[in-house]
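In case you want the letters, here they are:
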Amino acid sequence: MSVSLLVAAIVVWFGAGAALSFYARTKTGSGMSEFFLANRGIGGVVSALTYSATTYSAFMMVGLVGITYRSGVASLGFELAYLAATVVLLTVFAPRYWVAGRRFNLVTPPELLSLRYGSRTVGCIAAVLSLVMLVPYASVQLMGVGYLVETLSGGGIPFAAGILLAAGISLIYSRWAGLRSVAWTDALQAGIMMIACVVLAWYVPSRLLPSGVGDAVRTVAPLLEVSWPWPMFLGMTLPWAFFAVTNPQVVQRLYSPRDVTSIKRMIAGFAGFGLVYTVLCVVLGLAAAVVVPGLANPDGAMAALLARVPCALSLVVFLSIVAAAVSTLTAVMLTLSSIVARDIARTLNPGIGEETELAAGKAAIPVIAAVCCVFASLRPGLIVVLS
Amino acid sequence: MSKKERIWVVSGGLAVLLFAVAPYILPRGLGHTVRGPFAVWTVGCALVIAAGALYTRFWNGSGRNRGVR
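Residues numbered from 1 in each chain as written. Chains lettered and ligands numbered in written order. Predicted model: local features only at pLDDT ≥ 70, side-chain atom pairs only at ≥ 80, totals over all residues. Heavy atoms only, no water.

Student: Outline the overall build of chain B, supporting the account with residue identities and numerical values.
Tutor: When helices and strands are counted, chain B shows 2 helices and 0 strands. Every one of the 69 residues in chain B was classed for burial, and the buried ones make up 41%. Of the roughly 4000 Å² that chain B leaves accessible, carbon and sulfur atoms contribute 68%. (Helix = DSSP H or I, 4+ residues; strand = E, 2+ residues; numbered from the N terminus. Buried < 20%, exposed > 50% of the residue type's maximum accessible area, 1.4 Å probe, protein only. Areas by Shrake-Rupley, 256 points an atom, 1.4 Å probe, with all protein chains shown as cover.)

Encoded structure:
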């Protein structure tokens, strides 16, 4: 795919997101709750879409497709076990977080720990742990975009430029208007993620499988068996199963719905999105094993698949992967910056005013983006292992 | 935690565990075909999601969720 076409698509897509972000900026007032939680007024549909876009990252269309390509259907079990566990956890914990957030005016997840244990130190430790643990996770999103633009452009756009592109877009979306901007752009991004995945999952089996789906199923029969040893399945699934209550960027989302109906719609919408998106990504991984067999690097399966589809479809899928990465990255950056302001700056200086606190949070956003860029530029490990 | 919540947590947790491990414990031929792991995991997850959506109808006014209005 030509570099100019890729750049044009990115510019158009970024323009649409930036316009939405700018509009969100005109609606955003002042204060920590306003900036980081959109004044706790996000409706059900947007809550569902932003939760989905935050949760489902570039990992799905790059890492999950890759691991399915290499090791088969066990990846479906790992992802769906995570999804089902998340739904159960959300039905139990979402209303509790939501009520506590309103009752005690909480902004960050570590703040809840500070309140519960009556110690700012506890919250501060949780904050530092969040910062350390989430940087690699955020960096993986940048790496996903970096690998993709490099592969699709045939090396015309270097890996480093892809990293800077994703970081720059995320920085603008999150810095301009906080969660209101992030939630609205997430909704847009979740839309293109689902559309691209559905169209690609229809196109590949119907047009690229030389002798039909039946033959393809026979070809990938070994991949339809559970190939992961039980300890590996458990090792992959168990940490992910608690994602909904351990990852600060998704926990913080539980503070922002407008009312109880919005929480219910958020859970139902996220669950439906997750089920369809996961199954389709696994189908794409299996299809890639038939269409582009023998790749040395499984993380390149999606890029290799995109080289076989029409240019327009390839561009839409490319943008959907950038969208998935950016939406997760903006959420992580926003949450970490709120944690820096509320749980670290405030612990170091308890007399700090809300305006200064907000300024510290906003100042932390570009610093976090820069740290993630540096980490991603080191290109550590296989994407699925890191994320 | 109310009795209703405890029942949901235990049964929901067990359901997740059962459908996640099902393809590992089903006999080969039942659990290791195209209609095996793929279908078991997809249908199992859909059922847990449906149950979760149904459970949220009982949120209001029970146990620790009394504050949810």
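So that's the structure; there's more coming.
Student: Mind laying out the overall build of chain A, listing which residues take part and the relevant values?
Tutor: Each helix and strand counted, chain A has 17 helices and 0 strands in total. The C-alpha radius of gyration of chain A comes to 20 Å, within 12% of the 21 Å expected for a compact globule of 387 residues. For chain A, buried positions account for 61% of its 387 residues. The contacts of chain A with a sequence gap of at least 6 include a subset with a gap of at least 24, amounting to 86%. Per element, the accessible surface of chain A, about 13400 Å² overall, is 67% carbon and sulfur. Of the charged side chains in chain A, 22 are positive and 13 negative; the average position of the first set lies 6 Å away from that of the second. (Rg over C-alpha atoms; globule rule 2.2 N^0.38 Å. Contact = heavy atoms within 4.5 Å. Lys, Arg positive; Asp, Glu negative; His and termini not counted. Charge placed at Lys NZ, Arg CZ, Asp CG, Glu CD.)

Student: Now, about the interface of chain A and chain B: what can you tell me, with residues and values included?
Tutor: Facing 37 residues of chain A, the contacting portion of chain B comprises 35 residues. Summed over both partners, the interface of chain A with chain B comes to about 2900 Å²; 79% of that surface belongs to carbon and sulfur atoms. On the surface where chain A and chain B come into contact, there are 1 salt bridge. Of the charged contacts in the structure, one is a salt bridge between Glu5(B) and Arg96(A), with a shortest N-O distance of 2.9 Å. Between the two partners, chain A and chain B, sit 4 residue pairs in polar contact (both at pLDDT 80 or more). For the side of chain A that touches chain B, the elements supplying multiple residues, two or more each, are helix H5 (74-103), helix H10 (230-241) and helix H13 (260-291) of chain A. Among the elements that take part in the side of chain A that touches chain B, H5(A) stands out by supplying 18 residues, more than any other. Here the residues of the side of chain A that touches chain B sort into 31 nonpolar, 2 polar and 4 charged. (Buried area = accessible area lost by both parts, 1.4 Å probe. Salt bridge = Lys/Arg side-chain N within 4 Å of Asp/Glu carboxyl O. Polar contact = N/O pair within 3.5 Å; in protein donor to acceptor, adjacent residues only side chain to side chain. Nonpolar A, V, L, I, M, F, W, Y, C, P; charged D, E, K, R; others polar.)

Student: Give me the lowdown on helix H15 (residues 311-348) of chain A, citing residues and values where you can.
Tutor: Residues and elements named next belong to chain A. Given a rise of 1.5 Å per residue, 38 residues ought to cover 56 Å, and the 53 Å separating the end C-alpha atoms of H15 matches this to within 8%. Along H15, the helix axis deviates most sharply at Val-340, where the bend reaches about 30 degrees. Most of H15 sits inside the fold, with 31 of its 38 residues counted as buried. (Expected span 1.5 Å × (residues − 1). Bend = angle between axes of the 7 residues up to and from the residue.)

Student: Give me the lowdown on helix H4 (residues 58-71) of chain A, citing residues and values where you can.
Tutor: All names here are of chain A. Taking 1.5 Å per residue as the helical rise, H4 with its 14 residues ought to reach 20 Å, and the 19 Å between its terminal C-alpha atoms agrees with that figure. Of all the bends found along H4, the most pronounced is centred on Leu-64 and spans about 25 degrees. Of all 14 residues in H4, 13 are buried; the element is thus mostly enclosed. Downstream of H4 by one or two residues, Gly-72 has phi in the positive range, about 90 degrees.

Student: Before we move on, could you go through the environment of Pro210(A) and cite the residues and values that matter?
Tutor: With respect to the helices and strands, Pro210(A) occurs in the loop between helix H8 (159-208) and helix H9 (212-219). A C-alpha to C-alpha distance of 34 Å links Pro210(A) and Ser52(A), two positions 158 residues apart in sequence.

Student: Let's hear about unusual backbone geometry: which residues, and what values?
Tutor: All names here are of chain A. A positive phi is found at Ala-38, a non-glycine position, where the angle reads about 50 degrees. For Ala-38, the location among the structural elements is in the loop between helix H2 (32-37) and helix H3 (44-55). Its identity is not glycine, yet Asn-105 carries a phi of approximately 55 degrees, on the positive side. Following the sequence through the fold, Asn-105 ends up in the loop between H5 and helix H6 (109-117).

Student: So what's going on with the side chain of Ser21(A)? Which residues, and what values?
Tutor: Of note, Ser21(A) is situated in helix H1 (residues 3-27). Among residues more than four places away in sequence, those in contact with Ser21(A) are Ile172(A), Tyr173(A), Trp176(A), Ala177(A), Ser181(A) and Thr185(A).

Student: Please set out the pattern of salt bridges residue by residue, giving values where relevant.
Tutor: All names here are of chain A. All told, the structure shown has 6 salt bridges over all chains when counted by the stated rule. Note that Glu-111 is salt-bridged to Arg-342, the shortest N-O span being 2.6 Å. Residue Glu-111 is found in helix H6, and its partner Arg-342 is found in helix H15; the two are separated by 231 residues along the sequence. On the accessibility criterion, Glu-111 (12% relative accessible area) is buried. On the basis of relative accessibility, which here comes to 6%, the residue Arg-342 falls in the buried class. Its salt-bridge partner being Glu-357, residue Arg-346 comes within 3.4 Å of it at the nearest N-O pair. Residue Arg-346 is found in helix H15, and its partner Glu-357 is found in helix H16 (residues 354-377); the two are separated by 11 residues along the sequence. Residues participating in the shared-partner salt-bridge network are Glu-111, Arg-342, Arg-346 and Glu-357.

Student: Please set out the nonpolar core residue by residue, giving values where relevant.
Tutor: Ranked by internal contacts, the top residues of the largest apolar core, which has 158 residues, are Met61(A), Leu200(A), Tyr277(A) and Leu284(A). Every residue in contact with Met61(A), bar those within four places of it in the chain, is listed here: Cys197(A), Leu200(A), Tyr277(A), Cys281(A), Leu284(A), Met302(A), Val317(A), Ser320(A) and Ile321(A). (Core = buried A, V, L, I, M, F, W, Y, C linked by side-chain atoms within 4.5 Å.)

Student: So what's going on with the environment of Leu83(A)? Residues and values would help.
Tutor: Relative to the assigned elements, Leu83(A) resides in helix H5. Judged by relative accessible area, which is 0%, Leu83(A) ranks as buried. A sequence separation of 64 residues divides Leu83(A) from Tyr147(A), and the C-alpha atoms of the two residues are 27 Å apart. In contact with Leu83(A), other than residues within four places in its own chain, are Tyr56(A), Phe270(A), Ala271(A), Gly274(A), Leu275(A), Cys45(B) and Ile49(B).

Student: Lay out the packing of H3(A) against H8(A) in plain terms, naming residues and giving numbers.
Tutor: Residue and element names in this part refer to chain A. Between H3 and H8, the least distance of the axes is 8 Å, while the angle of their chain directions is 70 degrees. Accordingly, the angle class assigned to the pair H3 and H8 is roughly perpendicular. Residue-level contacts link Val-46, Leu-49, Thr-50, Ala-53 and Thr-54 of H3 to Val-182, Ala-183, Trp-184, Asp-186, Ala-187, Ala-190 and Met-193 of H8. (Axes fitted to C-alpha atoms, helices over the stretch in contact; angles between N-to-C directions. Parallel < 35°, antiparallel > 145°, perpendicular 65-115°, else oblique.)

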